[in-house]
Amino acid sequence: MLRVLRAPSAVIGLALMVFFVLMAVSAPLISPANPTRQDLAAITKPPGTEGHPLGTDRLGRDMLSRIIHGARLSLLVAVAGVLIGVAIGVPLGLIAGYLGGRMDDLLMRLGDIQLSLPFILLVVAIIAALGPSLINTILTLGVTSWVLYARVVRGEVLSLKEREFVQAAHALGASGLRIMLRHLLPNAAGSLIVVATLELARLIVTEAALSFLGLSGVPPEIPSWGQMLADGREVLFFGGWWVATFPGIAISLLVLGINLFGDALAEVLDPRNR
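For clarity, every value in this text was computed on a predicted model and none was experimentally measured.

Peer 1: What am I meant to see in the environment of Ala250 here?
Peer 2: With respect to the helices and strands, Ala250 occurs in helix H11 (residues 242-269). Note on Ala250: relative accessible area 5%, which makes it buried. In contact with Ala250, not counting residues within four places along its chain, are Phe20, Ile67 and Trp225.

See the structure below:
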């Protein structure tokens, strides 16, 4: 960790990530107003208006409060999606890499079929079939991202399973399951963490895109950065530039922070740099 933080970009990235996580966790405490409260007497007030530092939207809702609460949804969906993808992809990658043969061919061909379809199109199609809801969105993002984790873990296992320490475990009578969990998976954890970190940023953007299109199934009472962008589109050309600008900046900063930290982490964990 200390090696990662030697890079200025990693420090900036981590600071941005911590900022948004703390903002999401403490949203009810630091939010200056109720994010769902409508005030038709204060429609599209510009930034700097008394009581509304970032202005209001087309329904008079406080922009700062909605951005603060919107961080909770974005992080929830992205983190849950990553965990589901890891839970599916890691075991399949371990099995494919360790067993090889027909099992490896079957799992990798299934992954190839999924990768042949545009990710966002596949997500939209599944959500349209299941029906838009927050649970369906999280499940869809998680299930459709398993291939990346499976391929990374499989590649690591293929390069590790012929190493001396694995052969020694075989000689001592260790079972295949024990070898995968105690010897192969820990050595693949570095690459897996890097991929999961970068995937977190992608799912944040995907969730925002689905909310923008109205397909995320997020209840109207829950602030969403993507939905705020969609609302801002309606008033963008009537002088309400801030309604879409500030949520867009929030998305960009969070994704930038995750990518900066992920890139630094990947550089440190790269075996060629050790």
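Peer 1: Explanation requested: the nonpolar core in the structure shown.
Peer 2: The nonpolar side chains of a soluble globular protein tend to be buried with one another. Core analysis: the biggest nonpolar cluster contains 58 residues, and Leu184 and Trp225 have the highest contact counts within it. In this structure, Leu184 is in contact with Leu94, Tyr98, Val157, Leu160, Lys161, Val166 and Ile179, ignoring residues within four places of it in sequence.

Peer 1: What exactly am I supposed to notice about the packing of aromatic side chains here?
Peer 2: Centre-to-centre distance and the angle between the planes together describe a pair of aromatic rings. Across all of its chains, the model carries four aromatic pairs by this definition. Judged by centre distance (5.3 Å) and plane angle (80°), the rings of Phe19 and Phe20 are edge-to-face. With relative accessibility at 48%, the residue Phe19 sits in the partly exposed group. With a relative accessible area of 4%, Phe20 lands in the buried category. Judged by centre distance (5.9 Å) and plane angle (75°), the rings of Phe20 and Trp225 are edge-to-face. On the criterion of sequence distance, the pair formed by Phe20 in helix H1 (residues 8-25) and Trp225 in helix H10 (residues 225-235) is long-range, its members being 205 residues apart. An aromatic cluster is defined as three or more aromatic residues linked by ring pairs; in this entry it consists of Phe19, Phe20 and Trp225.

Peer 1: Explanation requested: a nonpolar patch on the surface in the structure shown.
Peer 2: Nonpolar side chains collect at one region of the surface, where Leu99, Met103, Leu106, Leu110 and Ile113 lie side by side and expose about 480 Å² of accessible area between them. By residue number, the principal contributor to the nonpolar patch is helix H4 (residues 101-115), which donates four residues. Checked against the element boundaries, Leu110 lands in helix H4. Residue classification places Leu110 among the partly exposed positions, given a relative accessible area of 44%.

Peer 1: How should I be thinking about the packing of helix H3 (residues 63-99) against helix H9 (residues 176-213) in this particular structure?
Peer 2: In a packed pair of helices, the relevant descriptors are the angle between the two axes and the axis-to-axis distance. Running from N to C, H3 and H9 point in directions that differ by 145°, and their axes come no closer than 8 Å. Every pair of crossing elements has a handedness; the one defined by H3 and H9 is right-handed. Contacts between H3 and H9 involve Leu73, Ser74, Leu75, Val77, Ala78, Val79, Gly81, Val82, Val90, Leu94, Ile95 and Tyr98 on the former and, on the latter, Gly176, Ile179, Met180, Leu184, Leu185, Leu192, Ala196, Glu199, Leu200, Leu203, Ile204 and Glu207. By residue class, the composition of the contact of H3 with H9 is 19 nonpolar, three polar and two charged.

Peer 1: Is there a simple way to think about the confidence of the model for the protein in this case?
Peer 2: Low-pLDDT stretches of the model should not have their predicted coordinates read in fine detail. For the protein, per-residue confidence averages 86 on the pLDDT scale, and residues scoring 70 or more make up 96% of the total. Confidence scores differ between elements of the protein, with helix H8 (residues 164-171) showing the lowest mean pLDDT of 78 and H3 the highest of 92.

Peer 1: Any chance you could explain unusual backbone geometry here in plain terms?
Peer 2: Residues other than glycine predominantly adopt negative phi, and peptide bonds predominantly adopt the trans conformation. Here Thr44, not a glycine, exhibits a phi torsion of approximately 45°, which is positive. You can see Thr44 is positioned in the loop between helix H2 (27-30) and H3. Looking at Thr44, the relative accessible area reads 26%, which means it is partly exposed.

Peer 1: Can you walk me through the side chain of Asp231 in this structure?
Peer 2: Among the structural elements, Asp231 can be located in helix H10. The exposure class of Asp231 is buried, given its relative accessible area of 5%.

About the thresholds
Residues numbered from 1 in each chain as written. Predicted model: local features only at pLDDT ≥ 70, side-chain atom pairs only at ≥ 80, totals over all residues. Heavy atoms only, no water. Helix = DSSP H or I, 4+ residues; strand = E, 2+ residues; numbered from the N terminus. Buried < 20%, exposed > 50% of the residue type's maximum accessible area, 1.4 Å probe, protein only. Contact = heavy atoms within 4.5 Å. Core = buried A, V, L, I, M, F, W, Y, C linked by side-chain atoms within 4.5 Å. Phe/Tyr/Trp six-rings, centres within 6.5 Å; stacked < 30°, edge-to-face > 60°. Patch = residues over 30% accessible without salt bridge, like charges linked within 9 Å, V, L, I, M, F, W, Y side chains within 5 Å. Areas by Shrake-Rupley, 256 points an atom, 1.4 Å probe, with all protein chains shown as cover. Salt bridge = Lys/Arg side-chain N within 4 Å of Asp/Glu carboxyl O. Axes fitted to C-alpha atoms, helices over the stretch in contact; angles between N-to-C directions. Left-handed = near helix turned anticlockwise from the far one by under 90°. Nonpolar A, V, L, I, M, F, W, Y, C, P; charged D, E, K, R; others polar. pLDDT = per-residue confidence, 0-100.

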